[in-house]
Amino acid sequence: MRVLVTGGAGFIGANFVHATLGRRPDVEVVVLDALTYAADESSLAPVRERITLHVGDVTDAALVDRLVGECDVVVHFAAESHNDNSLLDPTPFVQTNVLGTFTLLEAVRRHGVRLHHVSTDEVYGDLELDDPARFTEATPYNPSSPYSSTKAGSDLLVRAWVRSFGVQATISNCSNNYGPYQHVEKFIPRQITNLIDGERPKVYGAGANVRDWIHVEDHNEAVWTIIERGQPGETYLIGADGERSNLEVVQDLLEVFGRDRDDYEPVTDRAGHDLRYAIDSSRLRVELGWEPRYTDFADGLARTVAWYREHEDWWRPAKAATEARYAAGGQ
Ligand code: NAD
Ligand code: TDX
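As annotated in an unreviewed UniProt entry, the protein chain is dTDP-glucose 4,6-dehydratase from Cellulosimicrobium arenosum. Checking UniProt for the protein chain, the heading Catalytic activity (unreviewed entry) contains the comment "dTDP-alpha-D-glucose = dTDP-4-dehydro-6-deoxy-alpha-D-glucose + H2O". Quoted verbatim from the Sequence similarities (unreviewed entry) field of the UniProt record, the comment on the protein chain reads "Belongs to the NAD(P)-dependent epimerase/dehydratase family. dTDP-glucose dehydratase subfamily."

(A) Inspection of helix α11 (residues 312-328) at higher detail. The end-to-end C-alpha separation of α11 is 24 Å, in line with the 24 Å expected for 17 residues at 1.5 Å each. At Lys-319, α11 shows its maximal kink, close to 40 degrees. Within the sequence span of α11, burial applies to Trp-314, Trp-315, Lys-319, Thr-322, Glu-323 and Tyr-326. Considering only its buried residues, α11 is in contact with α3 (83-88), α6 (187-196), β8 (202-204) and α10 (297-310).

(B) Representation of unusual backbone geometry within the structure. Here Tyr-181, not a glycine, exhibits a phi torsion of approximately 70 degrees, which is positive. With respect to the helices, strands and loops of the structure, Tyr-181 is situated in the loop between β7 (177-178) and α6. Positive phi is not limited to glycine here, since Asp-241 has a value of about 55 degrees. With respect to the secondary-structure elements, Asp-241 resides in the loop between β11 (235-238) and β12 (243-245).

(C) Up close: the site of ligand 2. Neighbouring ligand 2 are 22 residues, the closest being Glu-122, Tyr-147, Arg-190, Arg-270 and His-273. Within the contact set of ligand 2, an oxygen atom lies 2.7 Å away from a side-chain nitrogen or oxygen of Glu-122. Here Phe-187 contributes a backbone N or O atom positioned 2.9 Å from an oxygen atom of ligand 2. When isolated, ligand 2 has an accessible area of 660 Å², and the protein chains bury 94% of it. Breaking the shell around ligand 2 down by element, the ones donating at least two residues are α6 and β8. Here the residues of the shell around ligand 2 are counted per class, giving six nonpolar, nine polar and seven charged.

About the thresholds
Residues numbered from 1 in each chain as written. Chains lettered and ligands numbered in written order. Predicted model: local features only at pLDDT ≥ 70, side-chain atom pairs only at ≥ 80, totals over all residues. Heavy atoms only, no water. UniProt positions renumbered as here; feature names shortened; annotations may be inferred. Helix = DSSP H or I, 4+ residues; strand = E, 2+ residues; numbered from the N terminus. Expected span 1.5 Å × (residues − 1). Bend = angle between axes of the 7 residues up to and from the residue. Buried < 20%, exposed > 50% of the residue type's maximum accessible area, 1.4 Å probe, protein only. Contact = heavy atoms within 4.5 Å. Near = heavy atom within 4 Å. Polar contact = N/O pair within 3.5 Å; in protein donor to acceptor, adjacent residues only side chain to side chain. Areas by Shrake-Rupley, 256 points an atom, 1.4 Å probe, with all protein chains shown as cover. Nonpolar A, V, L, I, M, F, W, Y, C, P; charged D, E, K, R; others polar.

See the structure below:
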């Protein structure tokens, strides 16, 4: 089986490529990635000889058509993925997330190729902090940010292409991922690398906002489960019951580094900051038999800290510029 992985040089995509080559020796991996600021070709270095990497844009219809025509399955990770960036300049979000997905859909339609579209729980908007509800596949779309609205738009395109043209596609909406190879702009790697540098973690507002954390390997195994056993045309929510407030995560990290639990810095809050995300992944578990393996968040976090400690050469080049950008916005 030949799999085309868009965005395979980014955080989740690179982990997907590693996991696929590690556990599915029959699968041939082709990566399409524009190598934006969010990508790092060195994330693929350990497997570079075993994959084909095309540096190109998912909105390039001719290139996408050719690559899709040569593969059996497409797994679509490529996206602009950071909410804070989408508030500074939404343009590339509309371009990549909406037009890129449209370009891919037209190609899989022409070639009759199976597509798995990777999306986010943020398409459902947010929940109140004291609301016991969780998102399900039936929750209405209600995105808040430029990022999440463009992801919602891409999901709706996929649904329409399934219904109107019979495209064989599945969609997954996953909660917040953590693990190796995540860009230092994101919450957990930013705080780990701040702590390695002796700086204080930066918490938006009071740190009360809740995210539902899942280890990236559990996400990617769920994606494979859906490719192999999912129903074309269906949506599956992916989550590992990992709800934590941002403050709890920061305090866990402070403890790992042997620092005082209150040694963090409150900074300017994100505009329109979603309060809480929470996933009910019963459908994926009951119908397709998936279960997360990283069920101990403290352990997963400690392993992630160890990875960043051991891979300073990987994250250091992006750190100063990322912090300068945050500092300019008071964050
Ligand atoms: P990332 O920003 O780390 O990686 C995105 C990758 O896409 C990069 O390698 C980048 O170069 C590539 N890319 C961007 N624009 C492109 C274009 N026009 N053409 C080709 N390649 C392009 O993102 P991530 O965190 O790995 O997220 C991957 C996917 O998973 C995204 O679709 C995101 O919406 C979704 N997702 C992420 C999370 C999370 O917590 N990170 C959770 C749920 C869903
Ligand atoms: O320095 C920080 N301090 C802070 O308190 C940063 C960078 C973030 N935060 C807060 C904002 C959020 O409440 O931490 C939480 C997590 O922030 P991000 O890592 O930016 O993630 P989030 O906005 O929740 O979106 C993530 O999960 C869903 C991914 O970036 C998306 O791609 C995915 O779709």
